[in-house]
Amino acid sequence: MALGSLALVATAAHAQSTVTIYGRLNVSLEHADASHSPRDRAVDRESNNRSVIGFRGAEDLGDGVQALFQIEGSLALDTGVGPSLANRDTRVGLQTPYGLLFAGHWGTPYLLATSTLDPWYPTTAGYMALMANGSAPTTNHLGNTASFDRRQQNIVQYWTPAWSGDSVLAGLVGRIAYAFNDGEVGPNGARPQLLSASVTWEAGPWNLALAHEQHRDYQGPQLTDSATKLGAAYRFGPGRLATAVERLRYETPIGALTRDSVFVAATWQIGATSLRASFTHAGEGKGPAGTRVGFVSAGDDTGSRQWTLGADYTLSKRTGFYAYVSRIDNQARAAYDFAINPLGVGAGEKPTVFALGMRHAF
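These notes cover the structure that comes with them. (Residues numbered from 1 in each chain as written. Predicted model: local features only at pLDDT ≥ 70, side-chain atom pairs only at ≥ 80, totals over all residues. Heavy atoms only, no water.)

When you line up the elements, arginine 259 lands in strand β14 (residues 255-270). The class of arginine 259 is buried, set by a relative accessible area of 1%. Looking at arginine 259, its side chain comes within polar contact range of the main-chain oxygen of leucine 130, at 2.7 Å. One polar contact links arginine 259 to tyrosine 336, side chain to side chain, over a distance of 3.0 Å. (Helix = DSSP H or I, 4+ residues; strand = E, 2+ residues; numbered from the N terminus. Buried < 20%, exposed > 50% of the residue type's maximum accessible area, 1.4 Å probe, protein only. Polar contact = N/O pair within 3.5 Å; in protein donor to acceptor, adjacent residues only side chain to side chain.)

As structure tokens, this is what we get:
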């Protein structure tokens, strides 16, 4: 029976052109606290930073066409509780000379357009604390109606092939995605949907990105939320500078709520050590008094800033250590929190985290 089972596994693997098991293990020891807090929030903890395990493969169908699949799930590296087989990037699709078309559960083009600009993504210090109004690691139209940094269920995506040749457009890639309503009913009978698109260009030392996303009927019938961002990165010798600017706009039953934010980051490589620094500023929300969606609210003293300083030491291409300190300075009426491993802060509190972590990819 054992030999028969092994034969079946070998036959199944042989039927695929390629099958790969991969993963990311990322855990940190942290001390977190919040100043200007009415109670003691200090905590020493072990935090899981979105560790994953996955399987991906491709079958050659001829004429430059491949059938692709990927199944990816989260790993609770710190507790071992509640892992899921397919709650992260999971899809089935076709890769053709004209591009990639797939369906499944995947990060939106808006998320993917600039995530590589953040040297702390995805850890407690990730820029999602202020950019994109938090993070939704897996969600539908009803589970999180605020965040534009999201992995969306029931989504279909098309990615163009990279533009080739000697023109200035070489390296240009377009992505578009649509998330079906799937029978979900939102506020006042709304039928929410999502549309996301991006254009990225990578050539030489430059990396540019433009992305836009719409959430239709998330706040109610005939109300459309939108987000637009522009990102850029430039490499020079051992260094890299990156920046992103973003505008969020939410249509609510009492009027539109908008907020602008900006992110900048710098890295400098010294041998096996990468020194890293970033700064994010979220402006005050603009809109009718009392309007609030997620962390974004209208009025004076609703802005915030985040500083992060740290370093990464590479032991190999797969393994490394990192350390950082990150602080969010909320204004009196702002309550921004860490997007991953939040502390649970209130208005005006200023959370800080010190972290020492280890990552390994396989």
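The next point concerns the pattern of salt bridges. A complete count under the given rule lists nine salt bridges for this structure. With a shortest N-O distance of 2.7 Å, arginine 41 and glutamate 349 are connected by a salt bridge. Note that arginine 41 is positioned in the loop between β1 (18-35) and β2 (43-48) and glutamate 349 in the loop between β19 (319-330) and β20 (350-361), a separation of 308 residues in sequence. A residue is classified by how much of its surface remains accessible, and arginine 41, at 12% relative accessible area, is buried. The class for glutamate 349 is buried, based on a relative accessible area of 2%. (Salt bridge = Lys/Arg side-chain N within 4 Å of Asp/Glu carboxyl O.)

Relative to the helices and strands, alanine 125 is located in the loop between α2 (109-114) and β7 (135-139). Non-local contacts of alanine 125, meaning those with residues more than four positions away in its chain, are made with Trp120, Gln306, Thr308, Tyr324 and Ser326. (Contact = heavy atoms within 4.5 Å.)

Right, let's get into the pairing of β20. Sheet topology places β1 next to β20; 12 bridges connect them, and they run antiparallel. Counted as the bridge partner of glutamate 30 is alanine 355 from β20. Strand direction decides the pairing type here: β19 and β20, joined by nine bridges, are antiparallel. Each bridged residue has a counterpart across the sheet, and for tyrosine 322 the counterpart in β20 is glycine 357. (Pairing = 2+ DSSP bridges.)

Next up on the list: the nonpolar core. Phe148, Leu248, Tyr324 and Tyr336 are the most contacted members of the largest nonpolar core, which has 31 residues in total. Every element with two or more residues in this core is listed here: β1, α2, β11 (206-216), β13 (239-252), β19 and β20. The biggest single contributor to this core is β19, with three residues. Apart from residues no more than four positions distant in its own chain, tyrosine 336 is found in contact with Ala129, Leu130, Arg259, Ala282, Phe295, Val296, Thr302, Ser304, Ile328, Asn330, Val345 and Pro351. Ranked by size, the runner-up nonpolar core spans 11 residues in total, among them Ala58, Ile155, Trp159 and Leu194. (Core = buried A, V, L, I, M, F, W, Y, C linked by side-chain atoms within 4.5 Å.)

If you walk through the whole model with that rule in mind, you get one cavity of 30 Å³ or more. In this model, the largest cavity occupies a volume close to 30 Å³. In terms of residue count, the dominant contributor to the lining of the largest cavity is α2 (three residues). Residues belonging to the lining of the largest cavity are distributed by class as follows: six nonpolar, one polar and three charged. (1 Å grid on protein atoms, 1.4 Å probe; cavity = no way out; pocket = protein on both sides within 12 Å on 5 of 7 lines; lining within 4 Å. Points joined across faces, edges and corners; volume = space filled by probe spheres on them. Nonpolar A, V, L, I, M, F, W, Y, C, P; charged D, E, K, R; others polar.)

By themselves, these are just geometric observations and shouldn't be taken as functional.
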